[in-house]
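Now for the letters of each chain:
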Amino acid sequence: MDLGIQGRTAAVAAASRGLGFATAQALAREGVRVAICSRDPGAIEAAAARIGDGAVGIACDVSAPEGAKSFVEQAHAALGALDILVTNCGGPPPGAAGNADPKTLGAAIQANLLSMIAMIHAALPEMRERGWGRLLAITSQTAREPMPFMVHSNTARAGLTAFLKTLSREVAADGVTVNSILPGGHDTERVRELGGPAIDSLVTRSPVGRLGDAEEFGHVAAFLCSRWTANLTGTTLTVDGGSSQGLF
Ligand code: NAD
């Protein structure tokens, strides 16, 4: 299937590896010129080289709004325009709700909510003016089903999902779609670093019986940024091997 986005441009945040990288790579395979970021200059240069096709690597920390805005501005400067923005950041640490440390909670809200909003605010005006845009947030299945001991992720992602839904209705008539993609357990470096017991529990939760594959995830994300999703906005798509148990 031709996604109809050849020649478009995209900024994909937090993408030297894992789900961000796979999304950027899938977009590049569709003929999209991509700019990606991570904090480590060497790692992001290497990732851009692996993608090829003129991919641009930008060293930038998106865990606070100033850095997040700066990434979008640098991506715009490098590519000349931005048709697609995929927001992403490293995930927050686990933790319980009852004794949540306000500092840790605040950092998660900065990184996984306010910085994502800052990226969107930086990219949105021009998309609206040009009458075409795709905003996609990589969040987590915890946005749909809050997980025990994951209060930082649960809280920040729920806030972001509410923001995206509100925004989607404001900008729909301008040709800009606003959606999120909610990964369940995927085989990325981050998950491998968590180790055996964490992986076993993710696999057990999944009716598919395995971790998700990042490359598969990237292609689903790319589809949500495609020409064919012009009438698909304000929605959340869970990619979790069927592990969420709710009807929607
Ligand atoms: P990962 O650790 O494999 O990759 C994260 C990428 O983000 C890396 O390229 C890293 O360099 C970059 N990054 C991290 N912090 C950054 C920062 N402050 N500024 C710039 N770049 C930064 O992680 P992943 O598994 O691909 O996860 C991506 C997102 O999806 C995370 O928010 C994670 O919580 C969420 N998620 C992942 C899974 C999973 O199973 N992989 C499940 C649910 C949610």
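Now for a quick tour of the structure.

Reading the values: the criteria
Per-chain numbering applies: the sequence of each chain, read as written, is numbered from 1 onward. Residues qualify for local features only when their pLDDT is at least 70, as the model is predicted, and side-chain atom pairs are given and counted only at 80 or more; totals for whole chains, interfaces and linings, by contrast, use all residues. Only hydrogens and water are removed before side-chain values are computed, so all heavy atoms of the structure are retained for them. The helix and strand labels rest on DSSP assignments: H or I over at least four residues marks a helix, E over at least two residues marks a strand, and numbering proceeds from the N terminus. Working definition: with a 1.4 Å probe on protein chains only, accessible area under 20% of the residue-type maximum means buried, over 50% means exposed, and in between means partly exposed. Whether two strands pair depends on DSSP finding at least two bridges between them. In this analysis an axis means a line fitted to C-alpha atoms, helices contributing only their contacting stretch, and an angle means the value between N-to-C directions, from 0 to 180 degrees. Any two residues whose heavy atoms approach within 4.5 Å at even a single point are treated as in contact. Just so you know how the angles are binned, under 35 degrees is roughly parallel, over 145 roughly antiparallel, 65 to 115 roughly perpendicular, and the rest oblique. Crossing handedness is read from the near helix: turned anticlockwise from the far helix by less than a right angle, it gives a left-handed crossing, and turned clockwise, a right-handed one. The nonpolar class holds Ala, Val, Leu, Ile, Met, Phe, Trp, Tyr, Cys and Pro. Asp, Glu, Lys and Arg form the charged class, and all remaining residues, Gly among them, are polar. Aromatic contacts are taken between Phe, Tyr and Trp rings whose centres are within 6.5 Å, Trp giving its six-membered ring; a plane angle under 30 degrees counts as stacked, one over 60 as edge-to-face, and the others as tilted. Throughout this description, the term charge over a ring refers to an Arg CZ or Lys NZ atom that lies within 6 Å of the ring centre and within 35 degrees of the ring normal. For patch detection, residues must exceed 30% relative accessible area and be free of salt bridges, and they are connected within 9 Å for like charges or within 5 Å for nonpolar side chains (Val, Leu, Ile, Met, Phe, Trp, Tyr). Method for areas: the Shrake-Rupley scheme with a 1.4 Å probe, in which residue coverage is limited to the protein chains shown. Should a side-chain nitrogen of Lys or Arg be within 4 Å of a carboxyl oxygen of Asp or Glu, the pair is scored as a salt bridge. Here, proximity means that at least one heavy atom of the residue falls within 4 Å of the molecule or strand. Side-chain atoms alone can form a polar contact between residues adjacent in sequence; in general such a contact is a pair of N or O atoms within 3.5 Å, and within protein one must be able to donate a hydrogen while the other accepts it.

### Remarks on unusual backbone geometry
Okay, so step 1: Residues other than glycine seldom take positive phi values, yet Ala-14 does so here, at roughly 50 degrees.
Okay, so step 2: Examined against the element boundaries, Ala-14 turns out to sit in the loop between β1 (9-12) and α1 (18-29).
Okay, so step 3: In this structure, Phe-149 is a non-glycine residue whose phi angle is positive, near 65 degrees.
Okay, so step 4: Structurally, Phe-149 can be placed in the loop between β5 (133-138) and α5 (151-171).
Okay, so step 5: Owing to a relative accessible area of 54%, Phe-149 belongs among the exposed residues under this scheme.

### Section: the sheet that holds strand β3 (residues 56-59)
Okay, so step 1: The parallel open sheet is built from seven strands, whose spatial order is β3-β2-β1-β4-β5-β6-β7. A single partner strand is all that each edge strand has here, and the edge strands are β3 and β7 (236-239). Direction aside, the axes of adjacent strands within the sheet are offset by 20 degrees on average.
Okay, so step 2: Bridge analysis of β5 against strand β6 (residues 176-183) gives six bridges, and the strand direction is parallel. The residue bridging Gly-133 from the neighbouring strand is Val-176, located in β6.

### Overview of the environment of Ala-137
Okay, so step 1: Note on placement: Ala-137 falls in strand β5.
Okay, so step 2: In the structure, Ala-137 is positioned 48 residues away from Cys-89 in sequence and 9.7 Å away in space, judged by C-alpha atoms.
Okay, so step 3: The residues contacting Ala-137, other than those within four sequence positions of it, are Thr-87, Leu-160, Leu-164, Asn-179, Ser-180 and Ile-181.

### Details of the packing of α1 against helix α8 (residues 214-224)
Okay, so step 1: Two elements in contact, α1 and α8, have axes whose closest approach is 7 Å; the angle formed by their N-to-C orientations is 55 degrees. Comparing their axes, α8 and α1 come out oblique. Crossing angle aside, the handedness with which α1 passes α8 is right-handed. In contact with Gly-18, Leu-19, Ala-22, Thr-23, Ala-26, Leu-27 and Arg-29 of α1, α8 contributes Ala-214, Glu-215, Phe-217, Gly-218, His-219, Ala-221 and Ala-222.
Okay, so step 2: Considering only residue class, the contact of α1 with α8 consists of eight nonpolar, four polar and two charged.

### Focus on the packing of aromatic side chains
Okay, so step 1: With the rule as written, the count across this model stands at zero aromatic pairs.
Okay, so step 2: A cation over an aromatic ring shows up here: Arg-134 above the ring of Trp-132, its NZ or CZ 4.2 Å from the ring centre.

### Things to note about a nonpolar patch on the surface
Okay, so step 1: There is a patch of nonpolar side chains on the surface, built from Met-1, Phe-223 and Trp-228 and spanning about 360 Å² of accessible area.
Okay, so step 2: Mapped onto the elements, Met-1 comes out in the segment before β1.

### A word on the packing of helix α4 (residues 102-130) against α5
Okay, so step 1: With their axes 8 Å apart at the nearest point, α4 and α5 run at an angle of 20 degrees to one another. Put simply, α4 runs roughly parallel to α5. Seen along the crossing, α4 lies across α5 with a hand that is right-handed. Here Thr-104, Leu-105, Ala-108, Ile-109, Asn-112, Leu-113, Met-116, Ile-117, Ile-120, His-121, Leu-124 and Arg-128 of α4 lie close against α5, whose contacting residues are Val-151, His-152, Thr-155, Ala-156, Arg-157, Gly-159, Leu-160, Phe-163, Leu-164, Leu-167, Glu-170 and Val-171.

### Thoughts on the site of the ligand
Okay, so step 1: Residues in close proximity to the ligand total 28 residues, the closest being Ser-16, Cys-89, Arg-157, His-186 and Thr-188.
Okay, so step 2: One nitrogen or oxygen atom from the side chain of Arg-39 is found 3.2 Å from a nitrogen atom belonging to the ligand.
Okay, so step 3: Residue Val-62 places a main-chain N or O atom 2.9 Å away from a nitrogen atom belonging to the ligand.
Okay, so step 4: Sorting the residues of the shell around the ligand by element identifies α1 and α6 (189-194) as the ones contributing at least two each.
Okay, so step 5: Broken down by element, the shell around the ligand gets its largest block of residues, three residues, from α6.
Okay, so step 6: Partitioning the shell around the ligand into residue classes produces nine nonpolar, 13 polar and six charged.

### A few points about the pattern of salt bridges
Okay, so step 1: Taken as a whole and judged by the stated rule, the model has nine salt bridges.
Okay, so step 2: For Arg-17, the salt bridge identified is with Glu-193, shortest N-O distance 3.0 Å. Taken as a pair, Arg-17 in the loop between β1 and α1 and Glu-193 in helix α6 lie far apart in primary sequence, 176 residues in all.
Okay, so step 3: Classification of Glu-193 by relative accessible area gives exposed; the value is 57%.
Okay, so step 4: Across the pair Glu-216 and Arg-210 runs a salt bridge, and its minimum N-O distance is 3.3 Å.
Okay, so step 5: Residue Arg-210 is classed as partly exposed on the basis of its relative accessible area of 40%.

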